[in-house]
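Report on the structure
Listed here are the chains, written in short residue letters.
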Amino acid sequence: MPASTRSRARDLLRTSLRSRWPGGTSDLKNQAVRASASVALIIAEGSLRRGKAQTHHFEIARGSAAETLTVLQLVDLPGGQAQQHNLRRIDRMLQKLGG
């Protein structure tokens, strides 16, 4: 697993945690934090697997990335556009790796 994919996923989680979220969106923030953490954690675990197990982990990570992307599309955050771009790149990387 390229270090850049893990790094992007880690940066995504940091941004989700640090960003100032609009009032009334705490449920979405919690979901984004959980989903972005899942992206990073599942990529890390999947990178230690091989074959179908690795592919399965990367598919799950893609789902968590899509979930995080949807939250970022619903809530206007500072740097949100850049994070959406990063999520799309993570998705493409995972897709190329078989996810």
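Owing to the predicted nature of the structure, the values given are computational and were not obtained by experimental measurement.

1. A look at the pattern of salt bridges
Taken as a whole, this structure holds 2 salt bridges when the rule is applied. The closest approach of N and O atoms between Glu45 and Arg49, which form a salt bridge, is 2.7 Å. Assessed through its relative accessible area of 35%, Glu45 is described here as partly exposed. Here Asp91 makes a salt bridge to Arg62, at a shortest N to O gap of 2.6 Å. Taken together, the residues span a long stretch of sequence, with Asp91 in helix H4 (residues 80–96) and Arg62 in helix H3 (residues 51–74) at a distance of 29 residues. Residue classification places Asp91 among the partly exposed positions, given a relative accessible area of 21%.

2. Brief notes about the side chain of Ser36
Here Ser36 lies in helix H2 (residues 26–46). A distance of 3.2 Å separates a polar atom in the side chain of Ser36 from the backbone oxygen of Val33.

Cut-off values and rules
Residues numbered from 1 in each chain as written. Predicted model: local features only at pLDDT ≥ 70, side-chain atom pairs only at ≥ 80, totals over all residues. Heavy atoms only, no water. Salt bridge = Lys/Arg side-chain N within 4 Å of Asp/Glu carboxyl O. Buried < 20%, exposed > 50% of the residue type's maximum accessible area, 1.4 Å probe, protein only. Helix = DSSP H or I, 4+ residues; strand = E, 2+ residues; numbered from the N terminus. Polar contact = N/O pair within 3.5 Å; in protein donor to acceptor, adjacent residues only side chain to side chain.

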